[in-house]
Amino acid sequence: MKDRKLDPIAKIAMRSRGITVKEKRVRFQGEIIVFKYNEDHYDVFVKECKVDAITTNNINFAITTYKQRKAKI
């Protein structure tokens, strides 16, 4: 299934109804990396391609883990 992009108004409406949207965009090494929460892990996307999955429910831990993995390469 293709990823659907939600506009900011839709995100606000979902949050007001108690539905959380867990997604964060981070600029790292000249690329925009998107972290999307999916059940019990964060999927990591670069240029709309899934490159990694990090098992955690903490966005900051997921970002740190991805940066450490990327630095080792």
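(A) Just the packing of aromatic side chains, in detail. Enumeration over the complete set of coordinates arrives at 2 aromatic pairs. Ring centres 6.0 Å apart and planes at 85 degrees place the aromatic pair Phe35 and Tyr66 in the edge-to-face group. In this pair, Phe35 is assigned in strand E2 (residues 31-38) and Tyr66 in helix H2 (residues 59-72), connecting sequence segments 31 residues apart. As far as the burial class goes, Phe35 and Tyr66 line up, both buried.

(B) View of the nonpolar core. Val26, Phe28, Ile33, Phe35, Tyr42, Val44, Val46, Ile54, Ala62, Ile63 and Tyr66 form the largest nonpolar core, which has 11 residues in total. The set of elements that each furnish at least two residues to this core consists of strand E1 (23-28), E2, strand E3 (41-46) and H2. Discounting residues that sit within four places of it in the chain, Tyr66 has contacts with Phe28, Ile33, Phe35, Val44, Val46, Val51, Asp52 and Ile54.

(C) Quick look at the confidence of the model for the protein chain. Across the protein chain, the average pLDDT comes to 82, with 79% of residues at 70 or higher. Per-element mean pLDDT across the protein chain ranges from 71 in helix H1 (residues 8-16) up to 94 in strand E4 (residues 49-54).

(D) Highlighting unusual backbone geometry. You will see that Gln29, though not glycine, has its phi angle at about 50 degrees, which is positive. The topology assignment puts Gln29 in the loop between E1 and E2. For Gln29, a relative accessible area of 55% translates into the label exposed. In this model, Glu48 sits at a positive phi of 65 degrees, which is unusual for a non-glycine residue.

What counts, and at which threshold
Residues numbered from 1 in each chain as written. Predicted model: local features only at pLDDT ≥ 70, side-chain atom pairs only at ≥ 80, totals over all residues. Heavy atoms only, no water. Phe/Tyr/Trp six-rings, centres within 6.5 Å; stacked < 30°, edge-to-face > 60°. Helix = DSSP H or I, 4+ residues; strand = E, 2+ residues; numbered from the N terminus. Buried < 20%, exposed > 50% of the residue type's maximum accessible area, 1.4 Å probe, protein only. Core = buried A, V, L, I, M, F, W, Y, C linked by side-chain atoms within 4.5 Å. Contact = heavy atoms within 4.5 Å. pLDDT = per-residue confidence, 0-100.

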